[in-house]
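Here is what each chain is made of, one letter per residue.
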Amino acid sequence: MHRKILIINCSLLILLASCSSKAYLFTSFHEPADAGLRMLYSYDGKNWTDLDTVLLQPKVGNQKVMRDPSMVQGPDGTFHLVWTSSWRGDLGFGYASSKDLLHWSEQQFIPVMKNEPTTVNVWAPELFYDDEAKQYIIIWASCIPGRFERGIEEDSNNHRMYVTTTTDFKTFSDTKLFLDPKFSVIDAVIVKRKKDDYVLVLKDNTRPERNIKVAFGTSPLGTWTNISKPFSGNFTEGPSVVKLKDEWLIYFDSYQKKIYEAVATKDFVTFENVTTNVKVPEGHKHGTIVPVKKKVIRKLIKK
């Protein structure tokens, strides 16, 4: 009798696990980045399938491209998207929102560096929803020639991270310096582990580094300390982070190898390369991973 109950309980647990409503979207673009927003989807956070369609065509910015699309879903269910709109020459980035990822708001250009006219570029804006302050944090990399101590990088490639916040994507706080690690830095991602415990995953963009590291803070706005040694090889960028059960997966573009790699970590101190355990379609480029309900993906596939 006890054996039968155990079998039934185990079967129920398996059924409940298979019926989980959680799934994942991975924003993406394909080179040369003029077509627009693409997405991958996954039911386990490891095996990804390309939706194989363009969901939003870029219409703002000097070059009108869409690189590095970053997306979050707000507490009201609205998806907010920001992206790099030009390689160089723009003083801001693109923005649009959607309830269903099929119908989008009118695109806006957010001129976050308008008060710094010598800015070379605005790269890889990254969205983070601060559930404690009830606001959206947007960080990005910009180069302002002559502003910071020059290292090995040329002034036109000596990046630092900047930040603005908003509650409604209509009004924004004044742009401020977010991170100056004393080297050229791009592609930063904020991760919340728990209250007063945050990790910043970032790319050291200096030569010969060009690899990915982490830093730690007690607030999503910094200050960030204890920058680690790299956990990726050189020629890597565009980290994306997702939590699966008791560990975190960090995906990144290994652009010299022309593949996406991944590492797993439980503490952001030790990292295990798990690239052979994940599947990312060829051509996928720098985006962010968004947990969603399975029905969101089913509607996208149907439409």
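Each remark here, short or long, concerns the structure printed above.
The structure presented is a predicted model; accordingly, all values stated were derived computationally and were not measured.

Q: Pulling in residues and values, what's your account of the overall build of the protein?
A: Broken down by element type, the protein carries two helices and 19 strands. Radius of gyration (C-alpha) of the protein: 20 Å, near the 19 Å computed for a compact globule of 303 residues. In terms of overall dimensions, the protein has C-alpha extents of about 75 × 40 × 40 Å along its principal axes. Each of the 303 residues in the protein was classed as buried or not, and the buried ones make up 53%.

Q: Go over the sheet that holds strand β6 (residues 93-98) with me, naming the residues and quoting the values.
A: The four strands are arranged β4-β5-β6-β7 in an open sheet whose pairing can be described as antiparallel. This sheet does not close on itself; its edge strands, each paired only once, are β4 (67-73) and β7 (108-110). Put simply, the sheet's adjacent strands are angled 30 degrees from each other on average, direction ignored. Sheet analysis places β6 next to β7, joined by three bridges and oriented antiparallel. Bridge pairing in β7 places Phe93 opposite Ile110.

Q: So, the packing of aromatic side chains: which residues are in play, and what are the values?
A: Considering all chains together, one arrives at 17 aromatic pairs under this definition. Ring geometry for Phe26 against Tyr260: centres 6.0 Å apart, planes inclined by 90 degrees, an arrangement best described as edge-to-face. Remark: Tyr260 occurs in strand β17 (residues 259-265) and Phe26 occurs in strand β1 (residues 22-28); sequence separation between them is 234 residues. There is no split in this pair, since Phe26 and Tyr260 are both buried. For the pair Trp248 and Phe268, a centre-to-centre distance of 5.6 Å together with 50 degrees between the ring planes defines the contact as tilted. Of this pair, Trp248 sits in strand β16 (residues 247-254) while Phe268 sits in the loop between β17 and β18 (272-273), placing them 20 residues apart in sequence.

Q: Can you break down the environment of Glu106 residue by residue, with the values?
A: Mapped onto the secondary structure, Glu106 falls in the loop between β6 and β7. On a C-alpha basis, the gap between Glu106 and Lys59 in space is 9.4 Å, while along the polypeptide they are 47 residues apart.

Q: Run through a positive patch on the surface, naming residues and quoting values.
A: A contiguous patch of positive charge, built from Lys293, Lys295, Arg298, Lys299, Lys302 and Lys303, is present on the exposed surface. Among the elements that take part in the positive patch, helix α2 (residues 294-302) stands out by supplying four residues, more than any other. Position of Lys303 among the secondary structure elements: in the segment after α2. Judged by its relative accessible area of 73%, Lys303 falls in the exposed class.

Q: Lay out the nonpolar core with the relevant residues and their values.
A: The biggest cluster of nonpolar side chains holds 22 residues, and the ones touching the most others in it are Leu25, Met71 and Leu101. In contact with Leu101, other than residues within four places in its own chain, are Leu25, Met39, Leu55, Met71, Phe79, Val296 and Leu300. Grouped together as the second largest cluster of nonpolar side chains are 19 residues, Ile139, Phe183, Val185 and Ile186 included.

Q: Summarise the sheet that holds strand β12 (residues 185-194); cite the residues concerned and give the values.
A: Strand order in the open sheet formed by three strands is β12-β13-β14, with antiparallel pairing between adjacent strands. Of all strands in the sheet, those bounded by a partner on one side alone are β12 and β14 (211-217). Strand-to-strand twist across the sheet, computed as the mean angle between neighbouring axes with direction ignored, equals 20 degrees. Bridging between strand β13 (residues 197-204) and β14 involves seven bridges; their strand directions are antiparallel. The residue bridging Leu202 from the neighbouring strand is Lys213, located in β14.

Q: So what's going on with the environment of Val290? Which residues, and what values?
A: Inspection of the secondary structure puts Val290 in strand β19 (residues 289-293). C-alpha separation for the pair Val290 and Val241, spaced 49 residues apart in sequence, amounts to 9.3 Å.

Q: Give me the lowdown on the pairing of strand β5 (residues 79-84), citing residues and values where you can.
A: Of all six residues in β5, six are buried, a share of seventy percent or more. A two-sided burial pattern is seen for β5, the buried positions comprising Phe79, Leu81 and Trp83 on one face and His80, Val82 and Thr84 on the other. Judged from the five bridges that link them, β4 and β5 form a sheet pairing that is antiparallel. Following the sheet pairing, Ser70 is matched in β5 by Val82. Linking β4 to β5, which pair antiparallel, is a turn of five residues; within it Gly77 sits at a positive phi near 95 degrees.

Q: Please provide a residue-by-residue account of α2, values included.
A: Residues Lys294, Val296, Ile297 and Leu300 constitute the buried set of α2. Buried residues of α2, viewed axially, fall in a sector of 155 degrees; they line one side. In α2, the exposed positions that point more than 90 degrees away from the buried face belong to Arg298, Lys299 and Lys302.

Thresholds applied
Residues numbered from 1 in each chain as written. Predicted model: local features only at pLDDT ≥ 70, side-chain atom pairs only at ≥ 80, totals over all residues. Heavy atoms only, no water. Helix = DSSP H or I, 4+ residues; strand = E, 2+ residues; numbered from the N terminus. Rg over C-alpha atoms; globule rule 2.2 N^0.38 Å. Buried < 20%, exposed > 50% of the residue type's maximum accessible area, 1.4 Å probe, protein only. Pairing = 2+ DSSP bridges. Axes fitted to C-alpha atoms, helices over the stretch in contact; angles between N-to-C directions. Phe/Tyr/Trp six-rings, centres within 6.5 Å; stacked < 30°, edge-to-face > 60°. Patch = residues over 30% accessible without salt bridge, like charges linked within 9 Å, V, L, I, M, F, W, Y side chains within 5 Å. Areas by Shrake-Rupley, 256 points an atom, 1.4 Å probe, with all protein chains shown as cover. Salt bridge = Lys/Arg side-chain N within 4 Å of Asp/Glu carboxyl O. Lys, Arg positive; Asp, Glu negative; His and termini not counted. Charge placed at Lys NZ, Arg CZ, Asp CG, Glu CD. Core = buried A, V, L, I, M, F, W, Y, C linked by side-chain atoms within 4.5 Å. Contact = heavy atoms within 4.5 Å. Arc of directions from axis to C-beta.

Keep in mind these numbers describe shape, not what the thing actually does.
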